Amino acid sequence: MSAAAFIAGVACVQSPDARTGEARGVYGGTIVISTSADADILFPPLTLSVQGKQIGDQIFDNLADVGASLNTVGDAGFKPRLARGWRWSPDSSWVEFDIDPMARWHDGAAVTATDVEFTYRLVKDTALASPLASSLDEVDSVSTPAPLTARVWLHRHPPDVFFKIASPVVILPAHLLRHTKVDLLRSSAFARHPVGSGRFRFLKWDSGSSVVLTADSGNYRGRPAADRVIWVVGRDYNTAALRFLSGGADFLDLVKPEFIDRAAEGDRHVVKSIPSLSYGYAAFNLRDSRGRKPHPIFADRAVRRALVMAVDRAALVRNVFDTLGVVGHGPVTRALPTSDTTIGLAYDTVAAGRALDSAGWVRGATGMRARHGVPLSFALMVPSSSAIRLRFAVLLQEQWRRIGADVRIDQLELSTFGSRLEARDFDAVLNAWQIDPDPASIRDEWMRRENRRGGFNYVSYSSATFDALVDSAAEESDPRRSIALYRRAYRQLTEDAPAMWLYELRNVFGVSKHIQPTGMRPDAWWANLADWRVLAAK
């Protein structure tokens, strides 16, 4: 069976009960998730890895969660979490959240408005350097007019402000963290043994091996359907995939084309959700490794554009993903209405060669290029835990070699990769990104103001035109005009080529017949993990 034929249909996990319409199954049991990478940290304001977020989102709660429609304009469709309700002031200068009086931290303490005030102040603290800080840019302060009432005061009220303040930032227990110095939180005991208010409690973390969560049976939002969820970590993707295929795990969050047929056999099947919010890209550092001077190669826009034009991205995506991925066309995926598949620099090796010639990079006797005796040579940084990115790295190395660029692949352990990325200590990088449903989140990665410690603008891209277009799009209340402005911003970014958009992933999951997943959203398959049922004893 081909991958294309197989993913054309979604296998049914379990039929509903004819009388009640509810899925058949019982509470209890264990769900084992096979993953190829460990969590980085379980302190949400500093979490960077997808695995860390998957786990953290089970332990902690936000005030309100974006609904299935992924609407980020206004507060329509948002689902209550710690806030059972909210209200706006007549002039929209504040929004007031009513904390659920039944909400408890896993140590038994009540969740209060003080926890909201503490969390927002901590995330905005520059000493913490949280990547989430920009989500609270419009927050002036938080007051607590009553023990269970948190009033969030705003500088302004842009269309997506409710999403930003209510959804990305989870609330932390002030009584457990307020006495720890901010600069010590990353290495604190709490970051390894977190205490949250979510439907699962943290049980244990064996680094490089597994993370175990257990049901919070008395949770204010209801007991999880499963007793436990375990993330089992493999040393690489193949290890993780084979664990699932052999029956050692119930869920695999990515089934590659070569495993589709095997995943369809026996007591497993594939569930798909198209499109996703995940994409991969190669980015060029516009500053040198110390961040003090322009990069000797990538500061030149013409060189960056030539390197993009030299790559047959469609061929690379087919090679790596078969039909389970598509070529990327900008810093958002097809899941968002702002996506524009007409943008992008065309594959043209002749034009790429001419551009490099014009920029003074001349081929030598070996076929490699140099300018004023300096070779066109750079390192491509990639995490060793990602087989997908390693494969792309090898393919890119060969395609760039053909136009005279000598590329070294710098494979790094995940934590080192993350540290180097944050320090801007690299030439080029193969990175993967999970976007927010809010198109304004593009500012977090590419705006000039995010070129700072804790910011995601790792390549120091700077364009006043891009910034102005995105700001205008984010402030525009007319959806059609907003989409048009976003697309102009994407085109500007793509033409400047600080990065080359490689691929968008299709969500293709391996699921055992023993479990029934529900509510798998494009932005986070794990969003409703607490409602997944174990359907058969193992």
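Along each chain, residues carry numbers from 1 onward, in the same order as the chain's sequence is written. Under the rules for a predicted model, residues below a pLDDT of 70 receive no local features and side-chain atom pairs below 80 are neither given nor counted, while totals for whole chains, interfaces and linings still include all residues. Hydrogen atoms and water are omitted, and side-chain values are computed over all heavy atoms in the structure.

1. Here's the deal with the overall build of the protein chain
Looking only at helices and strands, one finds 16 helices and 24 strands in the protein chain. Here the radius of gyration uses the C-alpha set of atoms, whereas the globule reference equals 2.2 Å times the residue count to the power 0.38. Radius of gyration (C-alpha) of the protein chain: 24 Å, near the 24 Å computed for a compact globule of 538 residues. For the C-alpha atoms alone, the extent of the protein chain along its principal axes is close to 75 × 60 × 45 Å. Burial statistics for the protein chain: of 538 residues in total, 56% are counted as buried. Considering only intrachain contacts with a sequence separation of at least 6, the fraction spanning at least 24 residues in the protein chain is 68%. Computed by Shrake-Rupley with a 1.4 Å probe, the accessible areas treat only the displayed protein chains as cover when residues are assessed. On the protein chain, roughly 21,700 Å² of surface is accessible, and the fraction owed to carbon and sulfur atoms is 50%. Counting 65 positive and 60 negative side-chain charges, the protein chain places the averaged centre of each group 3 Å from the other. The numbering of helices and of strands both runs from the N terminus, where a helix is a DSSP run of H or I of at least 4 residues and a strand a run of E of at least 2. Buried, partly exposed and exposed residues are distinguished by accessible area as a fraction of the type maximum, computed with a 1.4 Å probe on protein chains only: under 20%, between the cut-offs, and over 50%, respectively. By the convention used here, residues are in contact when the closest approach between their heavy atoms is within 4.5 Å. Under the counting rule used here, the positive set is Lys and Arg, the negative set is Asp and Glu, and His together with the chain ends is not counted. Note that the charge is assigned to NZ on lysines, CZ on arginines, CG on aspartates and CD on glutamates.

2. Section: helix H7 (residues 237–245)
Looking at H7, one finds that the buried residues are Tyr 237, Thr 239, Ala 240, Ala 241, Phe 244 and Leu 245. Phi turns positive, to about 90°, at Gly 247, one or two residues after H7.

3. Observations regarding the environment of Thr 47
With respect to the helices and strands, Thr 47 occurs in the loop between strand E1 (30–35) and helix H2 (50–59). Judged by relative accessible area, Thr 47 falls into the buried class, the value being 18%. Put simply, Thr 47 and Leu 132 are 85 residues apart on the chain and 9.3 Å apart in space, counted from C-alpha to C-alpha. Apart from the residues lying within four places of it in its own chain, the contact partners of Thr 47 are Asp 40, Ile 41, Leu 42, Gly 52 and Lys 53. A polar side-chain atom of Thr 47 sits 3.2 Å from the main-chain carbonyl oxygen of Phe 43. Pairing of N or O atoms within 3.5 Å defines a polar contact, subject to two protein rules: one partner must be a possible hydrogen donor and the other a possible acceptor, and residues neighboring in sequence count only if both atoms are side-chain atoms.

4. Re the sheet that holds strand E21 (residues 499–505)
Here we have six strands laid out as an open sheet, ordered E14-E21-E13-E20-E18-E19, and mixed in their pairing. The open sheet is flanked by strand E14 (325–327) and strand E19 (406–412), the only strands paired with a single partner. Between one strand axis and the next, the sheet turns through 25° on average, direction left out of account. Strand direction decides the pairing type here: strand E18 (residues 377–383) and E19, joined by seven bridges, are parallel. Note that in E19 the partner of Phe 378 across the bridge is Val 407. Axes here refer to lines fitted to C-alpha atoms; in helices the fit is confined to the stretch in contact. Angles between the N-to-C directions go from 0 to 180 degrees. Across the face of the sheet, helix H13 (residues 414–423) comes into contact with E18, E19 and strand E20 (428–434) while running at roughly 125° to E18. Note on pairing: DSSP must find at least two bridges between two strands before they are called paired.

5. Considering the layout of surface pockets
Roughly 450 Å³ of volume is contained in the second largest pocket. Here a cavity denotes grid points, spaced 1 Å and computed from the protein atoms alone, that fit a 1.4 Å probe unable to get out, and a pocket denotes an open set having protein on both sides within 12 Å along at least 5 of 7 lines; residues with an atom within 4 Å of a point are the lining. Lining the second largest pocket are 24 residues, and of these Thr 72, Val 73, Pro 337, Pro 439 and Ser 482 lie nearest its centre. At four residues, helix H16 (residues 479–496) tops the list of elements feeding residues into the lining of the second largest pocket. Grid points are joined across faces, edges and corners, and a volume is the space filled by probe spheres set on the points.

6. Some points on the pairing of strand E9 (residues 210–215)
Along any regular strand the residues' side chains alternate between the sheet's two faces. In terms of burial, E9 is a largely internal element, five of the six residues being buried. Inspection of the sheet shows strand E8 (residues 200–206) paired to E9 by six bridges, in the antiparallel sense. When the sheet's bridge partners are listed, Asp 206 is paired in E9 with Ser 210. Connecting E8 to the antiparallel partner E9 that follows it, the hairpin turn spans three residues, and Gly 208 within it adopts a positive phi of roughly 75°. For E9 and strand E10 (residues 228–233), the ladder comprises five bridges, and the chain directions are antiparallel. When the sheet's bridge partners are listed, Leu 213 is paired in E10 with Val 229.

7. Details of the packing of aromatic side chains
Aromatic pairs are defined between Phe, Tyr and Trp rings, using the six-membered ring for Trp, whenever the two ring centres lie within 6.5 Å; interplanar angles under 30 degrees are classed as stacked, those over 60 as edge-to-face, and all others as tilted. Enumeration over the complete set of coordinates arrives at 32 aromatic pairs. When the ring of Phe 298 is compared with that of Phe 378, the centres are 4.9 Å apart and the planes differ by 75°; the resulting orientation is edge-to-face. One end of the pair, Phe 298, is in the loop between strand E13 (278–284) and helix H9 (301–309); the other, Phe 378, is in strand E18, with 80 residues separating them in the sequence. The exposure classification of Phe 298 matches that of Phe 378, with both residues buried. Every member of this aromatic cluster is reached through a ring pair, and the members are Phe 78, Trp 86, Trp 88, Phe 97, Phe 162 and Phe 163. The positively charged end of Arg 151 is found above the aromatic ring belonging to Trp 94, 4.1 Å away from the centroid. Consider the ring centre and the ring normal. A charge sits over the ring if Lys NZ or Arg CZ is within 6 Å of that centre and within 35 degrees of that normal. Above the ring of Trp 205, the side-chain terminus of Arg 192 is found at 3.8 Å from the ring centroid.

8. Some remarks on the packing of H9 against helix H11 (residues 349–358)
Packed helices, taken two at a time, are described by their axes: the angle between them and the distance between them. In contact at an axis separation of 8 Å, H9 and H11 are set at 155° when each is read in the N-to-C sense. It follows from the interaxial angle that H9 and H11 lie roughly antiparallel. The two elements H9 and H11 meet at a crossing, and its hand is left-handed. For the pair formed by H9 and H11, the contact residues are Ala 302, Val 303, Ala 306 and Met 309 on the first element and Thr 349, Ala 351, Ala 352, Ala 355 and Leu 356 on the second. Each angle gets one of four labels, with under 35 degrees taken as roughly parallel, over 145 as roughly antiparallel, 65 to 115 as roughly perpendicular, and the rest as oblique. Each helix crossing is assigned a hand: it is left-handed if the near helix lies turned anticlockwise from the far helix by less than a right angle, otherwise right-handed if that turn is clockwise.

9. Overview of the pattern of salt bridges
Note on definitions: salt bridges are taken to be side-chain nitrogens of Lys or Arg within 4 Å of carboxyl oxygens of Asp or Glu. Taken as a whole and judged by the stated rule, the model has 28 salt bridges. We note a salt bridge from Arg 121 to Glu 117, for which the minimum N-O separation is 2.8 Å. Here Arg 121 and its partner Glu 117 are both found in helix H3 (residues 113–124), four residues apart, which amounts to about one turn of the helix. Taking the shortest distance from any N to any O, the salt bridge between Arg 223 and Asp 227 comes out at 2.2 Å. Among the charged side chains, a network of salt bridges with common partners joins Asp 65, Arg 81, Arg 521 and Asp 523.

10. Quick look at empty space enclosed by the protein
Enumeration over the complete set of coordinates arrives at five cavities of 30 Å³ or more. As a volume, the largest cavity reaches approximately 70 Å³. In terms of lining residues, the largest cavity is bounded by Leu 46, Leu 48, Ala 129, Pro 131, Arg 186, Glu 422, Arg 424, Gly 454, Gly 455, Phe 456 and Tyr 458. Residue classes in the lining of the largest cavity are distributed as six nonpolar, two polar and three charged. Polar here means any residue other than Ala, Val, Leu, Ile, Met, Phe, Trp, Tyr, Cys and Pro, which are nonpolar, and Asp, Glu, Lys and Arg, which are charged; Gly is therefore polar.

11. Description of the confidence of the model for the protein chain
What pLDDT expresses is the predictor's confidence in each residue, scored from 0 to 100. Residue-level pLDDT values for the protein chain average 89, and 93% of them are 70 or greater. Contacts of residues 1–25 to residues separated by more than four positions or lying in other chains number 45 contacts, the stretch itself having pLDDT below 50.

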